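Structural features, examined
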Amino acid sequence: MWSSGPNRFVAEECADLVPGRALDLACGEGRNALWLAEAGWTVTAVDFSAVAIGRARGVAEQRGVSAELLVEDVTVWTPPAGVFDLVVIAYLHLPEMDGVLGRAAEALAPGGVLVFVGHDRTNLVDGVGGPQDPDVLHTPSGVTAALPGLTVQRAERVKRAVEVDGEPRFAVDTLVRAVRPPCC
Ligand SMILES: C[S@@+](CC[C@H](N)C(=O)[O-])C[C@H]1O[C@@H](n2cnc3c(N)ncnc32)[C@H](O)[C@@H]1O
């Protein structure tokens, strides 16, 4: 687990949202999903690692938090369409990313928000850590291109402070926030 608290960009982008139904795709050990559940969201979170989901369930129990935590492969699993007020994808790096993003967009209810954060391709030269294969790294334009039908509110590169061997460094992330237009 990277941290027990949420990713700072996920927390910032969700801070102004009214809790409803949330989906966390590739939730890992649940740092974002469980934080959302504690903030009043009704959370479904999926990861293909049974170990990660087992740990998330354990943390949920320890913290007295309720969330639907499922072992699923997001390259094939299709969430229910049009029902989520929030979809979070954090640090997922796959060749099949466009399909994942398309299904995530479809899962949003009218007015629902997608918050996406992941290692940016420029992190290879301007940052530290993360995957080293440029083909699975993100760009703001690449992510937004895979979200037809959504209104992009934010699509940019952001710096994340990290520590390497006790030294302060930065990693570069792609951050996208997009909303499904409210219905008529
Ligand atoms: C770097 S971790 C990030 C976890 C979490 N989103 C976070 O920010 O803490 C990436 C996660 O993606 C999951 N993952 C990778 N490929 C997946 C797939 N095809 N379906 C579901 N989960 C996947 C891994 O098991 C891992 O938990």
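Scroll up to find the structure this text is about.
Throughout what follows, the structure given in this document is the object of discussion.

Calculation rules
Residues numbered from 1 in each chain as written. Predicted model: local features only at pLDDT ≥ 70, side-chain atom pairs only at ≥ 80, totals over all residues. Heavy atoms only, no water. Helix = DSSP H or I, 4+ residues; strand = E, 2+ residues; numbered from the N terminus. Buried < 20%, exposed > 50% of the residue type's maximum accessible area, 1.4 Å probe, protein only. Arc of directions from axis to C-beta. Contact = heavy atoms within 4.5 Å. Pairing = 2+ DSSP bridges. Right-handed = clockwise from strand over helix to strand, strands pointing away.

At A26, a position not held by glycine, the phi torsion is positive, near 65°. Relative to the helices and strands, A26 is located in the loop between β1 (21-25) and α2 (31-38). A relative accessible area of 18% places A26 in the buried class. In the Ramachandran plot, Y91 falls in the positive-phi region, its phi being about 60° despite a non-glycine side chain. Residue position: Y91 is located in the loop between β4 (84-90) and α4 (97-107). Accessibility expressed as a relative area gives 12% for Y91, which makes it buried.

In an α-helix, one turn spans 3.6 residues, which is why side chains three or four residues apart end up on the same side. Taken residue by residue, α4 has M97, V100, L101, A104, A105 and A107 as its buried positions. Take α4 and look down its axis: the buried residues cluster within an arc of 155°, on one side only. Contacts made by the buried residues of α4 are with β1, β4, β5 (108-119) and α6 (140-145).

The subject of this paragraph is the pairing of strand β2 (residues 42-47). Of all six residues that make up β2, five are buried, and the element is covered over most of its length. Here β1 runs beside β2; their pairing, made up of five bridges, is parallel. Considered in β2, the bridge of A22 is made with V43. Note on the crossover from β1 through α2 to β2: the handedness is right-handed. Here four bridges tie β2 to strand β3 (residues 68-71), and the two strands are oriented parallel to one another. Each residue of the ladder has a partner; that of T44, found in β3, is E68. A crossover links β2 with its parallel partner β3, the connecting element being helix α3 (residues 50-63), and its sense is right-handed.

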